[in-house]
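Chain and residue survey
What follows is each chain in one-letter form.
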Amino acid sequence: MTRLGAHAAVVGGSIAGLMAARVLSEFFEQVTIFERDQLEDRPVIHKSTPQGNHVHALLYGGEQIISEFFPGFGAELEQLGAIRWRAGRDAVWYRADGKSYSLTGSIREPRDLGFGGHVMSRGLLEYLLRKRTLELANVRLEQGAIVEALAHRDGSVTGLRVGPDGATREVPADLVIDAGGRGSRAPRWLGEMGFAPPEVTTIEVDFAYTSTRFRKPADAPQVEPIILFGAPPPNVRGGGLFEIENGVWHVSLAGRFGDYPPTDPDGFMEFARSLPSPALYELIRDAERIADISQHRFPSSILRHYERMPRFPARFLLVGDAICSFNPVYGQGMTSAGLQARVLQTLLRERAERSAALEDLASAYFARAADVIATPWTLAANFDFAYPQTRGERPPGMEQGARYFLALDALQVQDPEVQRLVVEVFQLMRPLSALWQPPLSNRVLALMQGNDA
Ligand SMILES: Cc1cc2nc3c(=O)[nH]c(=O)nc-3n(C[C@H](O)[C@H](O)[C@H](O)COP(=O)(O)OP(=O)(O)OC[C@H]3O[C@@H](n4cnc5c(N)ncnc54)[C@H](O)[C@@H]3O)c2cc1C
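Residues numbered from 1 in each chain as written. Predicted model: local features only at pLDDT ≥ 70, side-chain atom pairs only at ≥ 80, totals over all residues. Heavy atoms only, no water.

**Quick word on the overall build of the protein**
When helices and strands are counted, the protein shows twelve helices and 20 strands. The C-alpha radius of gyration computed for the protein amounts to 22 Å, which stays within 12% of the reference 22 Å derived for 453 residues, consistent with globular compactness. Expressed as lengths along the three principal axes of its C-alpha atoms, the size of the protein is roughly 60 × 55 × 40 Å. Within the protein, the fraction of its 453 residues that count as buried is 55%. (Helix = DSSP H or I, 4+ residues; strand = E, 2+ residues; numbered from the N terminus. Rg over C-alpha atoms; globule rule 2.2 N^0.38 Å. Buried < 20%, exposed > 50% of the residue type's maximum accessible area, 1.4 Å probe, protein only.)

Set out below in structure tokens:
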């Protein structure tokens, strides 16, 4: 395979930036990640990733991709204390009517579906991802390095201008990838190059997490590592308890539309007590709190349609939250970044095998990235629009989709193979279209007709 260039540069050294750098390392002699924060060499979060104070589920689709990029990743996570979970058995939902093994409350018995991943803090995941990425001989990280602008010539990106302010230098690169997160400066940089900003789809979910950590009591009951709480809309309150490394319970309470979980200790516990099931409150009531209580408001999910831009500079791409920032409650962001990184890998492989140029990469990349983003975006939007207060552009066919899903839910109760497929889609291991294909779709449609009759 031919190399595609001497140097590739990545803006941002968080989850998406690290995965992008791993992919680029196969195709470029040198890869540099520019990260504005100073990073500690241990499993903690950094200034620009405050979202790591809140529960961070790595869906199994994401863990599969990271393990493809870094063989043995799951075992290493486990050595560092991550907790193993099995799909269908170790993630439970509590609603007013009790415990279940499906989001809808329909499956009442545990069924080991044959696969599963790990639960850990966001700090631990990012630490190990960074460690493995920087073990690659041709990848380097520059910390405290703020990318201020893109260097460009004749509509093609030629490198970066890297600060901090007052000492900006130009770094040449054959390909630049922006993994700068939700606050990515790319729309501004494109404007400076004479390109219009991308169209944006916004869903105003008005969501907030309030979170803290508890020491798991020595005499704690044997509970599943992932415990989720809530009730269907119009109830806006929910929460999650995740067992993470070092005998810690990470707890996030969730609310919408102004009903946010409070940040004072009494208010936090009172909110936990108000959930439709007492299970969470009973677990943490007497547990020792070992962290501050922090809140993260998330006004809207944002999808930037770079794939719709009629013109786009050559040798510049984006990945991760810089393209799409999801309502965090569904745990999709990191896995979506992984899916995009895999698209990048596929396209770069095709080019390297054909010794093809990078000039036309953007249109193919953004089209395929939009395809893989469509599954998590549609799943999340379908749930968010179940609340009448949610504002924004609804995905097409929502009403029919909801009826289809109701019948599918009934089928998965009877048939573990259907449940496995549903879980694989929700864990982003397969596209949403997998649920609409025969022979399954014939069974679902027959049930819908039966229900209508
Ligand atoms: C409250 C909350 C909870 C979440 N929970 C989950 C979950 O359970 N599961 C899940 O999969 N996802 C979750 N997410 C989403 C997840 O955090 C992101 O999808 C994930 O971090 C990938 O983001 P990223 O790497 O694209 O951007 P970020 O993680 O935001 O990182 C961007 C990085 O770029 C750097 N940077 C930005 N601009 C520059 C610049 N100009 N120069 C240099 N560096 C720059 C920043 O310092 C930062 O390190 C959650 C998000 C929130 C807000």
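**Quick notes on the packing of aromatic side chains**
All chains considered together, the criterion is met by 15 aromatic pairs. Residues Phe70 and Phe73 carry aromatic rings whose centres are separated by 6.4 Å and whose planes lie at 35° to one another, so their mutual orientation is tilted. For the pair Phe70 and Phe73, one class covers both residues: buried. Here the aromatic cluster, defined as three or more aromatic residues joined through ring pairs, consists of Tyr306, Phe312, Phe316, Tyr365 and Phe366. One Lys or Arg, Arg273, reaches over the ring of Tyr281 and ends 5.7 Å from the middle of that ring. (Phe/Tyr/Trp six-rings, centres within 6.5 Å; stacked < 30°, edge-to-face > 60°. Lys NZ or Arg CZ within 6 Å of the ring centre and 35° of its normal.)

**Brief notes about helix α4 (residues 122–134)**
Taking 1.5 Å of rise per residue, the 13 residues of α4 would be expected to cover 18 Å, and the 18 Å separating its terminal C-alpha atoms lies within 8% of that figure. Where burial is concerned, most of α4 is hidden: eleven out of the 13 residues are buried. Looking only at α4, the buried set comprises Arg122, Gly123, Leu124, Leu125, Glu126, Tyr127, Leu128, Leu129, Arg130, Arg132 and Thr133. Summarising the contacts, the buried residues of α4 are in contact with α1 (15–24), β2 (28–35), α2 (60–69), α3 (73–79), β7 (139–143) and α8 (333–354). (Expected span 1.5 Å × (residues − 1). Contact = heavy atoms within 4.5 Å.)

**Digging into the site of the ligand**
Neighbouring residues of the ligand: 33 residues in total, closest Ser14, Glu35, Ala57, Arg122 and Asp321. Separating an oxygen atom of the ligand from a side-chain N or O atom of Arg36 is a distance of 3.1 Å. A distance of 2.9 Å is found between an oxygen atom of the ligand and a side-chain nitrogen or oxygen belonging to His56. For the ligand, the accessible surface in isolation is 990 Å², of which the surrounding protein chains cover 96%. (Near = heavy atom within 4 Å. Polar contact = N/O pair within 3.5 Å; in protein donor to acceptor, adjacent residues only side chain to side chain. Areas by Shrake-Rupley, 256 points an atom, 1.4 Å probe, with all protein chains shown as cover.)

**Some thoughts on the domain arrangement of the protein**
When the domains of the protein are assigned, the result is domain 1 (5–49 + 60–69 + 123–200 + 302–381), domain 2 (82–117 + 202–299) and domain 3 (397–452). Between the C-alpha centres of domain 2 and domain 3 the distance comes to 26 Å. On the side of domain 3, 13 residues touch domain 2, which itself brings 13 residues to the contact. Here domain 2 and domain 3 share an interface that buries about 960 Å² over both sides, 63% of which is from carbon and sulfur atoms. For domain 2, the biggest contributors to the area lost against domain 3 are Arg111, Leu113 and Phe115; these three give 53% of the whole. Viewed at the interface, domain 3 and domain 2 are joined by zero salt bridges. Seen at the junction of domain 2 and domain 3, the total is six residue pairs in polar contact (both at pLDDT 80 or more). Of the residues contributing to the side of domain 2 that touches domain 3, the split by class is seven nonpolar, five polar and one charged. (Domains from an automatic or database assignment. Buried area = accessible area lost by both parts, 1.4 Å probe. Salt bridge = Lys/Arg side-chain N within 4 Å of Asp/Glu carboxyl O. Nonpolar A, V, L, I, M, F, W, Y, C, P; charged D, E, K, R; others polar.)

**Brief notes about the packing of α1 against α8**
One way to put it is that α1 packs onto α8 with a least axis distance of 9 Å and a crossing angle of 20°. As summarised for this structure, α1 and α8 are arranged roughly parallel, according to the angle between their axes. Where α1 crosses over α8, the two elements pack in a sense that is right-handed. For the pair formed by α1 and α8, the contact residues are Ile15, Ala16, Met19, Arg22, Val23 and Leu24 on the first element and Met334, Ala337, Gly338, Ala341, Leu344, Gln345 and Leu348 on the second. Along the lines of polarity and charge, the residues of the contact of α1 with α8 split into ten nonpolar, two polar and one charged. (Axes fitted to C-alpha atoms, helices over the stretch in contact; angles between N-to-C directions. Parallel < 35°, antiparallel > 145°, perpendicular 65-115°, else oblique. Left-handed = near helix turned anticlockwise from the far one by under 90°.)

**Here we look at the sheet that holds β2**
In space, the five strands of this open sheet follow the order β7-β2-β1-β11-β18, with parallel pairing throughout. In this open sheet, the two edge strands, each paired with only one partner strand, are β7 and β18 (316–318). Looking at each pair of strands side by side, their axes are set apart by 20° on average, direction ignored. As paired elements, strand β1 (residues 5–11) and strand β11 (residues 175–178) share four bridges and run parallel to each other. Counted as the bridge partner of Val10 is Ile177 from β11. Running over the sheet, α4 touches β2 and β7 and is turned about 125° from β7. (Pairing = 2+ DSSP bridges.)

**Thoughts on the packing of helix α10 (residues 398–414) against helix α11 (residues 416–426)**
Close contact between α10 and α11 brings their axes to 6 Å; oriented N to C, the two are set at 125°. As the angle between them shows, α10 and α11 are arranged oblique. When α10 is examined against α11, the residues Phe405, Leu408, Leu411, Gln412 and Gln414 are found in contact with a partner set consisting of Pro416, Val418, Gln419, Val422 and Phe426. In the contact of α10 with α11, the residues fall into seven nonpolar, three polar and no charged.

**Focus on the pattern of salt bridges**
In total, this model carries 34 salt bridges according to the counting rule given. Note that Arg161 and Glu170 form a salt bridge whose closest N and O atoms lie 3.0 Å from each other. With a relative accessible area of 30%, Arg161 lands in the partly exposed category. Because the salt bridges share partners, they merge into one network encompassing Glu76, Lys131, Arg132 and Glu135.

**Comments concerning the nonpolar core**
The biggest cluster of nonpolar side chains holds 120 residues, and the ones touching the most others in it are Leu24, Phe316 and Tyr365. Sequence-distant contacts of Tyr365, that is, excluding residues within four places in its chain, are made with Leu317, Leu318, Val319, Ile323, Gln340, Val343, Leu344 and Leu347. Within the second largest apolar cluster, 24 residues are counted, among which are Val251, Met269, Tyr281 and Leu283. (Core = buried A, V, L, I, M, F, W, Y, C linked by side-chain atoms within 4.5 Å.)

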